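# Examining the three-dimensional arrangement
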Amino acid sequence: DAVRHLQVRGARLGTRYIVLLAEDHTEAVRLDEVRRDFIANISHELKTPIGAVSLLAEALEPASDDPVQVRKFAARLSAEAQRLSKITAEIIDLSRLQSADALHQPTLVDLERVVAAAVDRNRVAADATGVTLVAKSAKDAYVYGDEALLVVAVHNLISNAIHYSPAGSRVGVGLRHADDAVEVSVTDQGVGIPEEDRERVFERFFRVDEARSRHTGGTGLGLAIVKHTVQNHGGDVRVWSQVDHGSTFTIRLPEASKVTPVPELSGDIR
Ligand code: ADP
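In this text the structure is predicted, and so the values were computed from the model without any measurement.

Mapping valine 243 onto the fold places it in the loop between β6 (236-242) and β7 (246-254). Of the residues examined, valine 243 reaches a relative accessible area of 41% and is grouped as partly exposed. Sequence-wise, valine 243 and proline 194 are 49 residues apart; in three dimensions their C-alpha atoms are separated by 5.9 Å.

Structure representation (structure tokens):
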């Protein structure tokens, strides 16, 4: 309706119509650039593990008489293959989230369940790192959306908090009602993020410390996935941080009143 209204107005006032078309064109150019950047990033990110796999495969044959070497190369091959599989899975997730119909079947989602599932998935990593994971939940925190996608988003925040924290520190996960929204926050006592990088951490493939992130298995896609998921749900994600003291990531989502019926499965909640 809004578009038809603008078109009628545009037809009457010729100049406005032209402005509207120019904006459409700019948006199309921007999307095209985003797409091209994404593909360039992907090729760059895949080149390193693919190169490592080829080199290791070539090195196996001449080393075939040395079982120690063979075992070493095989272990590294397996690690690179796992990294490749993680990157490709995340790229697929992200491109799905960027497509228009990512949320085609929104349902009423209980965030208490989302937080519990995301915390659960991170217990082993927390124990292995020596990080204490503490969750403080809330009742009746409902949103409309996709439960599995939200679990991945909260999981990514917790997993980062653990990754970028020292042993013996604490990661807190909170869920609370805030006006007409609900907030999930993840707080750590880790390395923190320099001010100039705080906006950029949500960009695809951006890492504050490339070497460290790669070493800990990072792909630079986790927070981009969080951002797109949250935006698809009509919310936003913010970061507060202090270098060497820690970070807090907060996801804010519009609260679905418990009495509101589940909307038709049309994907029009965005
Ligand atoms: P990665 O897979 O590298 O962790 P993300 O997209 O999840 O990618 O995060 C991007 C970058 O943001 C990370 O490489 C890291 O430098 C920084 N970062 C994310 N979460 C935290 C955190 N909790 N504490 C400190 N730095 C973080």
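The structure having been displayed, the exposition proceeds.
With that settled, consider the sheet that holds strand β5 (residues 181-187). Pairing is mixed in the open sheet, where five strands are placed in the order β2-β4-β5-β7-β6. The strands lining the two open edges of the sheet, one partner per strand, are β2 (132-136) and β6. For this sheet the average axis-to-axis angle between neighbouring strands, irrespective of direction, equals 15°. The pairing of β5 with β7 spans seven bridges and is antiparallel. Paired with glutamate 183 across the strands is arginine 252, a residue of β7. Relative to the sheet, helix α5 (residues 147-163) contacts β2, β4 (170-178), β5 and β7, its axis offset from that of β7 by approximately 170°. This element, helix α7 (residues 222-232), spans β6 and β7 of the sheet and lies at about 25° to β7.

Rules and cut-offs
Residues numbered from 1 in each chain as written. Predicted model: local features only at pLDDT ≥ 70, side-chain atom pairs only at ≥ 80, totals over all residues. Heavy atoms only, no water. Helix = DSSP H or I, 4+ residues; strand = E, 2+ residues; numbered from the N terminus. Buried < 20%, exposed > 50% of the residue type's maximum accessible area, 1.4 Å probe, protein only. Pairing = 2+ DSSP bridges. Axes fitted to C-alpha atoms, helices over the stretch in contact; angles between N-to-C directions. Contact = heavy atoms within 4.5 Å.

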